[in-house]
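Each chain, letter by letter, is given below.
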Amino acid sequence: MNTKDKVFEQIKRKLIVSCQALPDEPLHCPLIMGKMAYAAMLGGASGIRANSVEDIKEIKKKVNLPIIGIIKRVYEGSDVFITPTLKEIELLYNEGVDIIALDATKRIRPDGKTISEIFPAIRERYKDQLFMADCSTYEEAQEAYELGFDCVGTTLSGYTDYTKGKELPDLDLIERLVKNLPIPVIAEGGIWTPEELKCVFDLGVYTAVVGTAITRPMEITKRFANAIIS
Ligand SMILES: CC(=O)N[C@H](C=O)[C@@H](O)[C@H](O)[C@H](O)COP(=O)(O)O
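Residues numbered from 1 in each chain as written. Predicted model: local features only at pLDDT ≥ 70, side-chain atom pairs only at ≥ 80, totals over all residues. Heavy atoms only, no water.

(A) How the structure looks around the sheet that holds strand 3 (residues 67-70). The strand order 1-2-3-4-5-6-7-8 describes a closed barrel built from eight strands, whose pairing is parallel. With strand direction ignored, the average angle separating the axes of adjacent strands in the sheet is 25°. Relative to strand 3, strand 2 (residues 47-51) is paired through four bridges, and the arrangement is parallel. Among the inter-strand pairings, Ala 50 is bridged to a residue of strand 3, identified as Gly 69. Its contacts with the sheet place helix 3 (residues 53-62) against strand 2 and strand 3, and it is angled at close to 165° to strand 3. Sitting on the sheet, helix 8 (residues 194-202) touches strand 1 (15-19), strand 7 (185-188) and strand 8 (207-210), and the angle it makes with strand 8 is about 155°. (Pairing = 2+ DSSP bridges. Helix = DSSP H or I, 4+ residues; strand = E, 2+ residues; numbered from the N terminus. Axes fitted to C-alpha atoms, helices over the stretch in contact; angles between N-to-C directions. Contact = heavy atoms within 4.5 Å.)

(B) Examining the pattern of salt bridges more closely. The final tally for this structure, using the stated rule, is 18 salt bridges. Note that Arg 73 is salt-bridged to Glu 88, the shortest N-O span being 3.9 Å. Separated by 15 residues along the polypeptide, Arg 73 in the loop between strand 3 and helix 4 (86-95) and Glu 88 in helix 4 bring together distant segments of the chain. Salt-bridge contacts for Glu 219 lead to Lys 222; the nearest nitrogen and oxygen are separated by 3.2 Å. Highlighted residues: Glu 219 and Lys 222, both in helix 10 (residues 217-227), separated by three residues, approximately one helical turn. By relative accessible area, which is 25% here, Glu 219 ends up partly exposed. (Salt bridge = Lys/Arg side-chain N within 4 Å of Asp/Glu carboxyl O. Buried < 20%, exposed > 50% of the residue type's maximum accessible area, 1.4 Å probe, protein only.)

(C) Representation of the pairing of strand 2 within the structure. Counted residue by residue, strand 2 has five buried out of five residues, so it is predominantly covered. On strand 2, burial covers both faces: Gly 47, Arg 49 and Asn 51 on one face and Ile 48 and Ala 50 on the other are all buried. Pairing geometry for strand 1 and strand 2, over four bridges, is parallel. Its bridge partner lying in strand 2, Val 17 is registered against Ile 48.

(D) Representation of the layout of surface pockets. The calculated volume of the largest pocket comes to roughly 490 Å³. In terms of lining, the largest pocket is formed by 22 residues, of which the most central are Lys 72, Thr 155, Tyr 159, Thr 212 and Arg 216. Of all the secondary structure elements, the ones that give two or more residues to the lining of the largest pocket are strand 8 and helix 9 (212-215). Looking at side-chain class alone, the lining of the largest pocket contains 11 nonpolar, seven polar and four charged residues. By volume, the second largest pocket is sized at about 250 Å³. For the second largest pocket, the lining is made up of 16 residues, of which Pro 23, Asn 51, Ser 52, Ile 71 and Lys 72 are closest to its centre. Taken together, the residues that form the lining of the second largest pocket break down as nine nonpolar, three polar and four charged. (1 Å grid on protein atoms, 1.4 Å probe; cavity = no way out; pocket = protein on both sides within 12 Å on 5 of 7 lines; lining within 4 Å. Points joined across faces, edges and corners; volume = space filled by probe spheres on them. Nonpolar A, V, L, I, M, F, W, Y, C, P; charged D, E, K, R; others polar.)

(E) Spatial organisation of the nonpolar core. In this structure, Ile 48, Phe 131, Phe 149, Val 152 and Val 200 are the most contacted members of the largest nonpolar core, which totals 51 residues. Excluding its chain neighbours within four sequence positions, the residues that come into contact with Ile 48 are Ile 16, Val 17, Cys 19, Ala 37, Ala 40, Ile 59, Val 63, Leu 65, Pro 66, Ile 67 and Ile 68. (Core = buried A, V, L, I, M, F, W, Y, C linked by side-chain atoms within 4.5 Å.)

(F) Spotlight on the site of the ligand. Close contacts around the ligand come from 16 residues, with Lys 72, Glu 188, Gly 190, Gly 211 and Thr 212 the closest. Within the contact set of the ligand, an oxygen atom lies 2.9 Å away from a side-chain nitrogen or oxygen of Gln 20. At 2.8 Å, a side-chain N or O of Lys 72 approaches an oxygen atom of the ligand. In terms of residue class, the shell around the ligand is built from six nonpolar, six polar and four charged. (Near = heavy atom within 4 Å. Polar contact = N/O pair within 3.5 Å; in protein donor to acceptor, adjacent residues only side chain to side chain.)

(G) Representation of unusual backbone geometry in the model. Residue Pro 169 is reached from Leu 168 by a cis peptide bond, and omega for that bond is -5°. Inspection of the secondary structure puts Pro 169 in the loop between strand 6 (151-153) and helix 7 (171-180). Phi is positive for Arg 13, which is not a glycine, with a value near 60°. With respect to the helices and strands, Arg 13 occurs in the loop between helix 1 (3-11) and strand 1. The phi dihedral of Ser 52 falls on the positive side, at around 90°, and the residue is not glycine.

(H) Quick look at the pairing of strand 7. Across the two faces of strand 7 the burial is the same, with Val 185 and Ala 187 and Ile 186 and Glu 188 all buried. The pairing of strand 6 with strand 7 spans two bridges and is parallel. Paired with Val 152 across the strands is Val 185, a residue of strand 7. One crossover worth recording links strand 6 to the parallel strand 7 by way of helix 7, and it is right-handed. Direction of pairing for strand 7 relative to strand 8: parallel, over a ladder of three bridges. (Right-handed = clockwise from strand over helix to strand, strands pointing away.)

These figures come from the coordinates and say nothing about function on their own.
Here you go:
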């Protein structure tokens with residue numbers, strides 16, 4: 001089995017936990033994300049999604065699980081913030097992550113180009129690297145598949161101007177992708193409960209990423225606090 005197949009085999013029909021805290025979040029700190037990933041592993045996660053080279057380095061010290069790596073960076077003039085430019089891809093590639101995820105929406109990137117303009121050269125340059133397309137619509141995922149991405153995720157449904165307000169998890173999108181795309185579909189975004197996780201697996205996803213519901217205590221606390229506001 002080659003390395004790519006091995007990675008996919010390890011995460012097949014298993015839970016991936018996203019361990020992320022941005023600079024404005026209370027748990028922002030590589031050491032904490034490393035421990036978070038370790039806790040997730042002990043709890044049964046089979047893969048980790050993580051943001052930034054610093055966090056990824058620390059997580060690698062604590063767990064030996066496949067990592068989906070991203071770098072979130074906001075550039076002026078573009079709404080694309082998940083691994084938006086070639087620079088972030090190069091950093092993730094040099095760090096060595098099993099899968100690099102990047103925004104594959106139709107939005108214009110910071111370099112003024114679209115994903116279909118830049119991805120062919122990326123595919124060519126990093127031949128052995130696995131890439132995940134973070135999409136917000138069916139058409140974007142279809143295009144990502146045609147461009148040569150290895151897997152697609154529903155990560156950005158609800159987060160682009162044209163999908164804002166969508167109920168998450170986006171079950172319709174997940175179902176359509178599973179039915180029509182021949183590459184692994186990863187459900188990601190807004191999975192809050194074990195029941196929802198089970199539901200997306202029942203729809204036939206290859207795997208699913210759960211983040212906030214497990215690794216953002218401030219958001220989890222808000223849900224409880226809000227439940228008793230009269
Ligand atoms: C839109 C965006 O920035 N999504 C990010 C992508 O890496 C993360 O902030 C999410 O936590 C992750 O996608 C998992 O989703 P949820 O936290 O809803 O389980």
